[in-house]
Amino acid sequence: MRVAIVENTRITHHGQVGVALHEAGARISQYRPWKDGQLPEPDDYDALVVFGGEQAATDDHTHPYLPHLAALMRVMTEKDKAVLGICLGSQILARGYGAANILGAAREFGWCKVALSDAAADDPVLGALPREFPIFQWHSDTFSLPEGATHLARSNVATVQAFRLGRATYGTQFHFEANRAVVTDWSHEFPQIIHSMDPDWLASREELSRRDGEQADQSGLKMARAWVALIMP
């Protein structure tokens, strides 16, 4: 199993997705186009993972690779490869299918409740999760549902929290890869940015972690393992 991972920022944690890929014996190649513009060739891989970043999905003037990455995600989907976009990755995937990127309209941070749609009940990745569950969020932008996509989850702030295209392409606005260890590292690396998102969050992180973090970790790992199962031959 050959998997390309695209990292869109300097500090990128693979988290629960990395755990599931390594459990499955995946051979992983990492790309950092924010640094050198390089992207994978679609025929060289069985699956593609695109993680988050601080840029907007439409910031072509500072990140000129973005339209090419959006096109790549669509090409691999149309080749029936498994594609996963998380946070910015989901926004880029939506862009690749002509959806509207809506900037600055959906600010969420921390462990937030996400509710599944009726369509998620039979979904191979989200179907085993509770109808409502906490999961980590860190975003200000959102997007419209791509044409032809199955709407899988929403929150009070962002209507489209998860969607599926075809057999195995998923976009999730929420960071299901971010277990409590990842969140702890983010807290140490980005305290000023976190303070700007939620001034009270760092002081209450440990309490919030005890309340919501364990369930979020369990849900995230279930999702990661279920998506990786879709890549298996």
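In what follows, the accompanying structure is described. Starting afresh in each chain, residues are numbered from 1 along the sequence in its written order. At least 70 in pLDDT is required for a residue's local features to be given in this predicted model, at least 80 for side-chain atom pairs to be given and counted, and no such filter applies to totals for whole chains, interfaces and linings, which use all residues. Side-chain descriptors were evaluated using all non-hydrogen atoms of the structure, hydrogens and water having been removed beforehand.

### Description of the overall build of the protein chain
Applied cut-off: We count a stretch as a helix when DSSP gives it H or I for four or more residues in a row; a strand needs E for two or more, and each element gets its number in order from the N terminus. We compute the radius of gyration over the C-alpha atoms and compare it with the globule rule, which gives 2.2 Å times the number of residues raised to the power 0.38. To sort residues, take the accessible area from a 1.4 Å probe on protein chains only and compare it with the maximum for the residue type: under 20% means buried, over 50% means exposed, and anything in between is partly exposed. Whether two residues are in contact is decided by their heavy atoms: any pair within 4.5 Å suffices. The accessible surface values rely on the Shrake-Rupley method and a 1.4 Å probe; as for residues, cover is taken only from the protein chains in view. Just so you know, the count uses Lys and Arg for positive and Asp and Glu for negative, and it drops His and the chain ends. Taken as the charge location is NZ of Lys, CZ of Arg, CG of Asp or CD of Glu.
A count of helices and strands for the protein chain gives 7 helices and 11 strands. Its C-alpha radius of gyration of 16 Å places the protein chain within 12% of the 17 Å reference for a compact globule of 233 residues. The principal-axis extents of the C-alpha atoms in the protein chain amount to approximately 45 × 40 × 35 Å. Burial status across the protein chain gives 58% buried among its 233 residues. Across the protein chain, every contact between residues at least 6 apart in sequence was considered, and the portion connecting residues at least 24 apart equals 74%. In the structure as shown, the protein chain presents an accessible area of about 10200 Å², 47% of it carried by carbon and sulfur atoms. Averaging the locations of the 21 positively and 29 negatively charged side chains of the protein chain gives two centres separated by 3 Å.

### Concerning the packing of helix α3 (residues 66–78) against helix α4 (residues 88–96)
Put simply, the rule reads: Throughout, an axis means a line fitted to C-alpha atoms (over the contacting stretch in the case of helices), and angles, computed between N-to-C directions, take values from 0 to 180 degrees. Working rule for angles: under 35 degrees goes down as roughly parallel, over 145 as roughly antiparallel, 65 to 115 as roughly perpendicular, anything else as oblique. Each residue is assigned to one class: nonpolar for Ala, Val, Leu, Ile, Met, Phe, Trp, Tyr, Cys and Pro, charged for Asp, Glu, Lys and Arg, and polar for all the others, Gly among them.
The interhelical angle for the contact between α3 and α4, taken along N-to-C directions, is 75°, at an axis separation of 8 Å. When the interaxial angle is binned, α3 and α4 end up roughly perpendicular. In contact with Leu66, Pro67, Leu69, Ala70, Met73 and Arg74 of α3, α4 contributes Gly89, Ile92, Leu93, Arg95 and Gly96. Residues belonging to the contact of α3 with α4 are distributed by class as follows: 7 nonpolar, 2 polar and 2 charged.

### Re the environment of glutamine 215
One can find glutamine 215 in helix α7 (residues 201–231). Judged by relative accessible area, which is 31%, glutamine 215 ranks as partly exposed. Separated by 81 residues in sequence, glutamine 215 and proline 134 place their C-alpha atoms 6.9 Å apart. Every residue in contact with glutamine 215, bar those within four places of it in the chain, is listed here: Pro130, Glu132, Phe133 and Pro134.

### What to know about unusual backbone geometry
A positive phi angle, near 65°, is found at aspartate 80, a position not held by glycine. Along the chain, the position of aspartate 80 falls in the loop between α3 and β4 (82–86). With phi around 55°, cysteine 87 is a residue other than glycine that occupies positive phi space. With a relative accessible area of 5%, cysteine 87 lands in the buried category.

### Some details on the sheet that holds strand β9 (residues 150–154)
Heads up, the rule is: Following DSSP output, two strands are said to pair if at least two bridges run between them.
The strand order across the open sheet built from 9 strands is β2-β1-β3-β4-β11-β10-β9-β6-β7, with neighbouring strands paired in mixed fashion. With partners counted over all chains shown, the strands left at the sheet margins are β2 (27–31) and β7 (132–139), one partner each. Taken over all neighbouring pairs, the strand axes of this sheet differ in orientation by 20° on average, direction set aside. Note: strand β6 (residues 108–116) against β7, 8 bridges, orientation antiparallel. Pairing of phenylalanine 109 across the sheet is with tryptophan 138, part of β7.

### A short note on the pairing of strand β1 (residues 2–6)
Under the convention used in this document: The handedness rule is simple: strands pointing away from the viewer, and a clockwise path from the first strand over the helix to the second, make the crossover right-handed.
Of all 5 residues making up β1, 4 are buried, and the element is well covered by its neighbours. With helix α1 (residues 15–23) bridging β1 and the parallel β2, this β-α-β connection has right-handed handedness. As defined by bridge partners, β1 adjoins strand β3 (residues 47–50) across 4 bridges and the pair is classed as parallel. Opposite alanine 4, over in β3, you have leucine 48 as the bridge partner.

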